[in-house]
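Next come the chains, spelled out residue by residue.
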Amino acid sequence: MFRLVILIGLVAGTFSDLTAFAATPPSHTGPDVLIIMCDQLNASVLGCYGGDVPTPNIDRIAHEGVRFDNSVCPTPFCSPSRASIITGLYPHAHGIVTNINRCDYPAISSPATEEGIKAADVTTEKLLHAAGYATHHYGKWHLMDEKLPYYADMYGEHHEYAEEMAGMFRAVRRQNRDTWMDWYGWALPVEQSSAFRKALERWDDSPGGGALAEFITKMGRLALPLEKNFDFRVADKTVEQIGRRGVAAFMITCSFNAPHDPNVVPSPYYEMFDPAQIRLPANRTSLEPRYAADWSRKIVEKTGEPGLREFMRIYYASVKLIDDQVGRILQALESAGVLESTVVVFTSDHGDMVGGHGMVWKSNGSFYDEIARVPLLIRYPALFKPQRCDLAVDLTDLMPTLLQITGEPVPPHVQGQNLVPFLTGRADPAMARQYCFSERITAHPQHLRQVPPETRGSFMVRGQGWKYWCHPDGDEYLYHLADDPGETRNLALHEAHQDQKRVMISVLRAWLERTGWRGRSQVALPPSGGFFSLDSGMPQRGQ
């Protein structure tokens, strides 16, 4: 029996109708599927992408499989990208365009920004469950809405984990308030370095950041045993399920929270990286004025270089922790005797600035590679030879690729591309998509999964060595990635590059038309002073 494992950095949902689920137990005997998700993982920090964090287990997947060098997220936000992964649809098509805040955990319940994934949505998990797979989700979900009947079990951060930790969290809450962080209902005891406490002397509350400020001002060592760490527990659940797999094939989603905030990490990982020895990004002083007021920039401004170094220390340590969990999972597959007949995919929902352009987190309006580009690795020696791949891919491609590998038909509404023919030599790479796309969409005023005609969006197109993005007010960015990988020289207004900009705008317009964009967006059309409407394709004056 072939076993398929997908180690990715996300989870997601989908769109449309499907028939009801069979009441009989799963019985499919095809490839197993394991999705391991990270959240907010910058590809460039991984060893296999030339980064400074030793990641031997993730690197193994890269060296023995396919490493994609030009993969991007559909949007630099958690929920929309997660929804795109298993729907194969872009955010403006599945309708989840910003993060979903609602959680059923009573201590942190808040109104939803949007509707989440519902049982009627067509997801990869739903399709494979209907084909006989046993489906499981362990870890971060971030698509809260209805209960999904196709999951045999779920282990989430604000349900099962919070209940497991309830007694410990109550004890922590009795301690001095300065010694613990409240991260969406988790009470996390934190010990801070003297250098970072010194950096906080310059902190003030303007501009605020609200509850997010606590996730920065209380960064440090998580004073809990490693075994109590959420991501360690998620790996435990995954390893246990691999060990007790039955006759039917399974699809497990293993969804890590790290290296996303709360920006705390337990020993021994906290001590692994010396902040003074961390190499800062070369483009950290390339500061675009448009993003000066964004929270990503303010975090660095308000804590200075010591704060940036402490953030990077914890971020690197969190990535190292995740790599060790990946190693545990690979070992479980080896112990079960199925590693060599398993497809292993590793990715993330989006990245993190990690100091690039003087920013951290994803909380800004840009499409810099630090947050738009994601790691994507596939190891499956039965089908794919080791290789580096420069195809333009994005996370919508995972659903059709998985369905192809598992032998299931791809629904006709899916917008992603099946990568299998291009990785096996059955199709000429020149026939593949030559550009990949990302977007930022304003949410529906009534929090519905709809894109009304008045909706505004910012859009990015990346490919052929170039990247272009535009904002609704006409602000534009054009970078020649081949010459300027740090994206430090915006060529959008350079006369010599207007033809290239026109090409990128044309590609972007064609993509929006093909994928059903119904909102508004305008960008400057060179060389005239008018505007190019992505709705009609006609030059327009004004605004």
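Small disclaimer: the values here were computed from a predicted structure and weren't measured.

K.L.:
So, the pairing of strand β19 (residues 466-470): which residues are in play, and what are the values?
P.N.:
Most of β19 is tucked away: 5 of the 5 residues are buried. By the alternation rule, side chains of β19 split into Trp 466, Tyr 468 and Cys 470 and Lys 467 and Trp 469, which are all buried. With 5 bridges connecting them, strand β18 (residues 457-463) and β19 associate as antiparallel partners. By the bridge assignment for β19, Val 461 is matched with Tyr 468. Here β18 folds back onto β19, and the loop between the two strands holds 2 residues, one of which, Gln 464, carries a positive phi near 55°.

K.L.:
Explain the side chain of Asp 394 residue by residue, including any values.
P.N.:
Position of Asp 394 relative to the elements: it lies in strand β16 (residues 393-394). What makes Asp 394 buried here is its relative accessible area of 2%. A polar contact of 2.7 Å, which involves the side chain of Asp 394, links it to the side chain of Tyr 90.

K.L.:
Just give me the short version of the environment of His 494, but keep the residues and values in it.
P.N.:
Inspection of the secondary structure assignment puts His 494 in the loop between β20 (476-480) and α14 (498-514). Residues His 494 and Leu 478 lie 16 residues apart in sequence; the distance between their C-alpha atoms is 9.4 Å.

K.L.:
Could you give an account of the sheet that holds strand β17 (residues 436-441), with specific residues and numbers?
P.N.:
Here 4 strands make up an open sheet; going across it, the order is β17-β18-β19-β20 and the pairing antiparallel. Lying at the two open borders of the sheet, with one neighbouring strand each, are β17 and β20. Within the sheet, the average angular offset between the axes of one strand and its neighbour, ignoring direction, is 10°.

K.L.:
Report on the packing of aromatic side chains, specifying residues and quantitative values.
P.N.:
Counting across every chain of the model gives 26 aromatic pairs. With 5.0 Å between their ring centres and 90° between their planes, Tyr 90 and Trp 511 make a pair best called edge-to-face. Of this pair, Tyr 90 sits in the loop between α2 (78-87) and α3 (91-94) while Trp 511 sits in helix α14, placing them 421 residues apart in sequence. Classification of Trp 511 by relative accessible area gives buried; the value is 1%. Consider the rings of Tyr 161 and Phe 230, whose centres lie 5.1 Å apart with planes at 70°: the pair is edge-to-face. Here the residue Tyr 161 occupies a position in helix α5 (residues 160-164), and Phe 230 occupies one in helix α9 (residues 230-243), the gap between them amounting to 69 residues. Overall, Tyr 161 belongs to the buried group, its relative accessible area being 2%. Assessed through its relative accessible area of 3%, Phe 230 is described here as buried.

Procedures and definitions
- Residues numbered from 1 in each chain as written.
- Predicted model: local features only at pLDDT ≥ 70, side-chain atom pairs only at ≥ 80, totals over all residues.
- Heavy atoms only, no water.
- Buried < 20%, exposed > 50% of the residue type's maximum accessible area, 1.4 Å probe, protein only.
- Helix = DSSP H or I, 4+ residues; strand = E, 2+ residues; numbered from the N terminus.
- Pairing = 2+ DSSP bridges.
- Polar contact = N/O pair within 3.5 Å; in protein donor to acceptor, adjacent residues only side chain to side chain.
- Axes fitted to C-alpha atoms, helices over the stretch in contact; angles between N-to-C directions.
- Phe/Tyr/Trp six-rings, centres within 6.5 Å; stacked < 30°, edge-to-face > 60°.

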